[in-house]
Amino acid sequence: MNPSSEAAARRPRRRGLLRLRQEIPRPVFIAAGWAVPLVLLLLWWAVTASGLVQKLFLPSPGAILAEGWRQLSEGILLHDAAISTYRILLGWSVATVIAVPVGILMGTYRLAEGALEPFISTVRYMPVVALIPLTILWAGIGDAQKILILFIATFFSQALMVMDNVKGVDGALIRTGQTLGFTEHEILRRIVLPAAAPGIWDTLRITVGWTWTYLVVAELVAANEGLGRRIMDAQRYLATDTILWGTLFIGILGLVTDLAFKRVGQRLFRWKGCPK
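Residues numbered from 1 in each chain as written. Predicted model: local features only at pLDDT ≥ 70, side-chain atom pairs only at ≥ 80, totals over all residues. Heavy atoms only, no water.

K.L.:
How do you make sense of the overall build of the protein chain when you look at a structure like this?
P.N.:
Looking only at helices and strands, one finds twelve helices and zero strands in the protein chain. For the protein chain, the C-alpha radius of gyration of 24 Å lies well beyond 19 Å, the compact-globule estimate for 276 residues. Its C-alpha atoms give the protein chain principal-axis dimensions of roughly 80 × 75 × 30 Å. A total of 276 residues make up the protein chain; the buried ones form 35% of that total. Roughly 16900 Å² of accessible area belongs to the protein chain as shown, and the carbon and sulfur atoms make up 67% of that amount. In the protein chain, which carries 28 positive and 18 negative side-chain charges, the distance between the mean positions of the two groups comes to 10 Å. (Helix = DSSP H or I, 4+ residues; strand = E, 2+ residues; numbered from the N terminus. Rg over C-alpha atoms; globule rule 2.2 N^0.38 Å. Buried < 20%, exposed > 50% of the residue type's maximum accessible area, 1.4 Å probe, protein only. Areas by Shrake-Rupley, 256 points an atom, 1.4 Å probe, with all protein chains shown as cover. Lys, Arg positive; Asp, Glu negative; His and termini not counted. Charge placed at Lys NZ, Arg CZ, Asp CG, Glu CD.)

Here it is in structure tokens:
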């Protein structure tokens, strides 16, 4: 094969990487996921090494890793991570236990949607930070207050998303169940819920990520330990390396949670082709 024909053979392959919804080789997919963080890391290192930005405003990647190692070696990191993870899981779990049935109810019955959706939609737009004084009055300054903040930050949006998952079930499937003589309870149990389950699982994956983003807000007031509390304390002393390390570590924990949900979803819903 001559050089021109080889180039022609390569051309469609390169274009195929950018075609709409076109599958690409798994190694290329993984490499693309690593490329952007590595490029940003190199730019970060170059900017700090050149002295263009003072360390107070942007510490070097090495300083961030050194701070992380210090916290790990002193036992601070694992202790804070355990406390924050406990609060995240409990707040998100309580919200999920209530939001999923409420969302299914609203997605199934128009009366329930009409009664609950306006209220839930309104509360969803209220700033969580503004509710901190009320949560202190209602739940004190202990863990219950932090968990309540995480509950409020998660529940309302989660309920609406579950409702949309249920309403998105193909109406033809429901009509098929009616044709077969299924009762409404059987249609809900055997058709609607199985069809909506992959979407609901993806909603749970997304909302647990949101809960991680509200961790600093939850630990803003009267917290003595936790990743968010460590970041707020560092802000007082302009400890930028501690702030960046804490923020980065929360992001890593959120990413690990997301990947775990994706992996479990792939196993539970292989027939649906969950995102990889």
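Past the structure itself, the notes keep going.
K.L.:
Explanation requested: unusual backbone geometry in the structure shown.
P.N.:
For Leu 238, which is not glycine, the phi dihedral falls at a positive 55°. As for its placement among the helices and strands, Leu 238 is situated in the loop between α11 (227–236) and α12 (240–268).

K.L.:
It is not clear to me how the side chain of Glu 219 should be interpreted in this structure. Could you clarify?
P.N.:
Residue placement: Glu 219 occurs in the loop between α10 (215–218) and α11. Looking at Glu 219, its side chain comes within polar contact range of the side chain of Ser 84, at 3.0 Å. For Glu 219, the residues in contact, after removing those within four places along its chain, are Ser 84, Arg 87, Lys 146, Glu 225, Gly 226, Leu 227, Gly 228 and Arg 229. (Polar contact = N/O pair within 3.5 Å; in protein donor to acceptor, adjacent residues only side chain to side chain. Contact = heavy atoms within 4.5 Å.)

K.L.:
Just to check I follow, could you spell out the nonpolar core for this structure?
P.N.:
Burial of nonpolar side chains together is a common tendency in soluble globular proteins. Formed by 19 residues in total, the largest nonpolar core has its most connected members in Ile 149, Trp 212, Leu 215, Leu 227, Phe 249, Ile 250 and Leu 253. Elements with a contribution of two residues or more to this core: α4 (76–108), α7 (143–167), α10, α11 and α12. Sort the elements by how many residues they give to this core and α12 lands first, with four residues. Counting residues in hydrophobic clusters, the runner-up holds 15 residues, among them Val 100, Val 162, Ile 187 and Val 192. (Core = buried A, V, L, I, M, F, W, Y, C linked by side-chain atoms within 4.5 Å.)

K.L.:
How should a nonpolar patch on the surface be read in this particular structure?
P.N.:
On the surface, a nonpolar cluster with roughly 510 Å² of combined accessible area is contributed by Phe 29, Ile 30, Trp 34, Leu 38 and Leu 41. Its location among the elements puts Phe 29 in helix α2 (residues 26–50). By relative accessible area, which is 43% here, Phe 29 ends up partly exposed. (Patch = residues over 30% accessible without salt bridge, like charges linked within 9 Å, V, L, I, M, F, W, Y side chains within 5 Å. Salt bridge = Lys/Arg side-chain N within 4 Å of Asp/Glu carboxyl O.)

K.L.:
What am I meant to see in a positive patch on the surface here?
P.N.:
On the surface, Arg 26, Arg 263, Arg 267 and Arg 270 cluster together to form a positively charged patch. Along the chain, the position of Arg 263 falls in helix α12.

K.L.:
I would appreciate a short explanation of the packing of aromatic side chains in the present structure.
P.N.:
Two aromatic rings, taken as a pair, are described by how far apart their centres are and by the angle between their planes. Taken as a whole and judged by the stated rule, the model has six aromatic pairs. Relative to Phe 156, the ring of Phe 155 lies with its centre 4.9 Å away and its plane at 80°, an arrangement referred to as edge-to-face. The exposure classification of Phe 155 matches that of Phe 156, with both residues buried. Each residue in the set Phe 119, Phe 151, Phe 155 and Phe 156 is aromatic and connected to the rest through ring pairs, giving one cluster. (Phe/Tyr/Trp six-rings, centres within 6.5 Å; stacked < 30°, edge-to-face > 60°.)

K.L.:
I'm lost on the side chain of Ser 157 in this one. Help?
P.N.:
When you line up the elements, Ser 157 lands in helix α7. Accessibility expressed as a relative area gives 14% for Ser 157, which makes it buried. Apart from residues no more than four positions distant in its own chain, Ser 157 is found in contact with Arg 124 and Trp 210.

K.L.:
Would you take a moment to explain α12 for this structure?
P.N.:
Side chains that are three or four residues apart share a direction in an α-helix, a result of its 3.6 residues per turn. The terminal C-alpha atoms of α12 lie 42 Å apart, and with 29 residues this matches the ideal 42 Å at 1.5 Å per residue to within 8%. When we look at burial in α12, the residues that qualify are Thr 240, Thr 242, Trp 245, Gly 246, Phe 249, Ile 250, Leu 253, Gly 254, Thr 257, Asp 258, Phe 261 and Gly 265. (Expected span 1.5 Å × (residues − 1).)

K.L.:
Explanation requested: the environment of Tyr 214 in the structure shown.
P.N.:
Structurally, the position occupied by Tyr 214 is in the loop between α9 (184–213) and α10. Tyr 214 sits in the partly exposed class, given a relative accessible area of 29%. Here the alpha-carbon distance between Tyr 214 and Trp 44, two residues 170 residues apart in the chain, equals 26 Å. Residues in contact with Tyr 214, not counting those within four places in the same chain, are Val 128, Leu 150 and Ala 153.

K.L.:
I keep staring at the pattern of salt bridges and nothing clicks. Help me out?
P.N.:
Side chains bearing opposite charge may pair, as long as their charged atoms lie close to each other. Scanning the entire structure with this criterion turns up ten salt bridges. With a closest N to O distance of 3.0 Å, Arg 70 and Glu 74 form a salt bridge. Notably, a salt bridge pairs Arg 205 with Asp 258, separated by 2.7 Å at the nearest N-O pair. On the criterion of sequence distance, the pair formed by Arg 205 in helix α9 and Asp 258 in helix α12 is long-range, its members being 53 residues apart. Comparing Arg 205 with Asp 258 shows no difference in burial state: the two are buried. A single network of salt bridges, built from pairs that share partners, joins Glu 67, Arg 70 and Glu 74.

K.L.:
Is there a simple way to explain the environment of Leu 105 in this structure?
P.N.:
Relative to the elements of secondary structure, Leu 105 occurs in helix α4. Exposure remark for Leu 105: the relative accessible area of 38% places this residue in the partly exposed category. Measuring from C-alpha to C-alpha, the distance between Leu 105 and Ile 252 comes to 35 Å, with 147 residues separating the pair along the chain.

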